[in-house]
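Structural features, examined
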Amino acid sequence: MSEDGTPVTLYIYDLSKGLAPAISPFLIGEVVEGIWHTSIVIYGKEHFFGSDGISICDPGGTVLGEPQRTVDLGVTYIPRAVFDDYLEGLRSSTFKGDQYKLLKHNCNNFSNELSQFLVGQKIPQYILDLPEHILAKLSGSGFGQQLNGILSNLSASIQPTNGRREDSPDYVQLTSAIEEASGEIFSEVSRYREEQSRMSEPVEVIPSAENGGNHVTSQEVDDLEAEERREREERKKMRDPPVVFRDLLDIRVEFDALVGLIDGKLSPEEMQSLEELHQYMLEDEGSWALGDSFLTFIDRLLHDKTLSEEVAIKTLNVLACAALKDDVILLLHQDRKEHILMNYANEVDRLPLEQQKGLALFMCNLFENISSSEWMLYISEWQLGTTQISNIRVTTKVAVNSLLSDNADLKDRGSAIVHNLACKEKMLQNKNLRRMLPTGSVSKVFDDVAVELTMAILQFFNSSPPEEHLFRCMKALTRFCQISSQDVPQLIQMIGPNPSTFKGKSERIDNCIAEISKKLR
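Residues numbered from 1 in each chain as written. Predicted model: local features only at pLDDT ≥ 70, side-chain atom pairs only at ≥ 80, totals over all residues. Heavy atoms only, no water.

Some remarks on unusual backbone geometry
The step from G496 to P497 runs through a cis peptide bond, and the omega angle for that step is 0 degrees. Mapped onto the secondary structure, P497 falls in the loop between α21 (487–495) and α22 (507–520). Phi angles above zero are rare outside glycine, and D284 is one such case at about 60 degrees. Following the sequence through the fold, D284 ends up in the loop between α9 (268–282) and α10 (294–303). (Helix = DSSP H or I, 4+ residues; strand = E, 2+ residues; numbered from the N terminus.)

Details of the sheet that holds strand β2 (residues 36–42)
Across the sheet, which stays open at both edges, the 5 strands sit in the order β4-β3-β2-β1-β5 with antiparallel pairing between neighbours. Each edge of the open sheet is held by one strand with a lone partner, namely β4 (53–57) and β5 (69–76). The sheet shows a mean angle of 25 degrees between the axes of neighbouring strands, direction not considered. Taken together, the 3 bridges between β2 and strand β3 (residues 45–50) define a ladder with antiparallel strand orientation. By the bridge assignment for β3, I40 is matched with H47. Seen against the sheet, helix α2 (residues 80–91) touches β2, β3 and β4 and runs at an angle of roughly 140 degrees to β4. Helix-sheet contacts for helix α3 (residues 107–119) involve β1 (6–14), β2, β3, β4 and β5, and the interaxial angle to β2 is about 30 degrees. (Pairing = 2+ DSSP bridges. Axes fitted to C-alpha atoms, helices over the stretch in contact; angles between N-to-C directions. Contact = heavy atoms within 4.5 Å.)

Here's the deal with the nonpolar core
Of all hydrophobic cores here, the largest spans 96 residues; its most connected members are F362, F461, M474 and F480. Counting residues in each nonpolar core, the second largest holds 35 residues, with V8, Y13, Y100 and L114 among its members. (Core = buried A, V, L, I, M, F, W, Y, C linked by side-chain atoms within 4.5 Å. Buried < 20%, exposed > 50% of the residue type's maximum accessible area, 1.4 Å probe, protein only.)

Digging into helix α16 (residues 391–403)
Its 13 residues give α16 an end-to-end C-alpha distance of 18 Å, which sits within 8% of 18 Å, the value for a rise of 1.5 Å per residue. Buried residues dominate α16, accounting for 10 of its 13 residues. Among the residues making up α16, those that are buried are N391, I392, V394, T395, T396, V398, A399, V400, S402 and L403. (Expected span 1.5 Å × (residues − 1).)

Structure representation (structure tokens):
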């Protein structure tokens with residue numbers, strides 16, 4: 001230790017990965033910025049407490065990656081040997097693994113203990129107060145216990161890694177846990193909305209000592225939903241507008257055609273699912289109207305060979321309309337276990353042409369909303385036959401298959417999906433998403449996916465595409481050069497054609513070519 005002392009730093013992570021601000025208004029009536037996990041960095045090592053007890057790793061060396069923020073706590077003059085002895089004492093006493101409690105005796109209590117020992121001050125109070133605050137708000141709620149369990153599973157996944165995070169089973173486990181938690185929490189929000197939708201006209205409820213608690217009025221619910229819509233619009237402004245097809249289909253025409261094709265061929269349970277679909281699409285009910293067996297119903301419509309092929313086409317067209325709805329993510333999260341939709345999409349190259357077109361339209365329109373577009377890029381894998389697949393892999397497969405098709409409609413939708421994949425979010429904006437990615441990655445689209453899509457784009461360029469399709473792909477290529485700054489430019493130079501070949505097509509294409517050319521030097 002130098003005469004100037006040893007710096008002590010607090011690392012702060014958000015366990016919810018940005019989910020807390022989105023769902024906390026529905027659960028406790030106010031915005032919670034994050035579910036905080038903290039650690040102390042001293043002597044070149046990161047120290048944290050979890051379900052395995054006290055762990056030590058290189059700074060940023062857990063599956064959480066880099067912290068959301070850091071706080072300089074000051075310097076300590078305590079010798080390293082004294083600190084090590086103190087840490088060992090904590091390890092065998094108050095901070096054993098079996099004493100870990102997410103909301104009562106957790107990583108933040110451990111960080112606070114170390115901070116007071118090392119520099120004589122507490123960590124920020126807002127971190128220490130959050131667990132008690134959440135417990136108070138959720139007291140008496142069955143979902144309070146459920147949320148506790150979800151976050152406990154997340155915290156249990158925080159382990160040191162050896163090497164790159166994307167190679168770590170713990171990294172995959174944590175990502176899967178976050179996706180699972182998102183699904184469970186959004187499902188709970190859906191049920192909450194359902195209950196509120198059944199309420200009568202707004203009634204003013206005044207909390208009092210007699211009635212014993214705070215009550216949420218219908219007006220407060222409306223205000224929260226309005227706030228959520230405003231936040232959603234703000235997030236949309238943070239990304240390039242996606243290419244979607246809003247006016248291509250008439251939902252009433254498509255739904256009526258589907259009903260005509262399957263009339264008299266459904267079981268009572270399937271008839272109920274059809275009615276739920278009618279409520280969702282034509283009566284503007286929320287996706288909470290879709291029951292637990294709804295996706296099983298969709299699975300039959302897509303796969304049953306005893307039904308007309310037109311049934312699958314109309315089903316996909318209805319889903320393409322549903323993809324534009326704000327709450328479609330709740331439907332998608334129903335599929336997080338069976339993967340009915342993505343397993344079907346993975347067979348895109350074996351489907352009849354019209355089904356390929358309907359599938360591509362559905363996946364393209366899912367980019368309308370940030371939450372559903374992020375769902376399409378999930379990286380956690382599942383087994384399909386002998387193959388490991390994931391949402392991002394299937395999305396990429398559909399994009400490439402469509403872009404390189406001989407069919408004009410598929411090319412149109414394929415170029416849109418490629419554009420949307422590359423431009424889903426503005427570079428370097430979404431810090432919460434970036435921290436879930438491998439070291440050195442700056443987009444939700446991984447380097448290898450960028451390379452695969454680049455190869456498809458270069459092959460597509462040889463087909464003399466129209467200006468609109470050319471622009472979408474050239475814009476995507478510009479972004480891929482940023483994402484994979486070495487591999488993609490090398491690939492362009494090796495395979496060609498050189499983007500400069502298309503100079504003069506339009507001003508916007510020329511602007512893209514100029515950006516790509518900078519990377520080729």
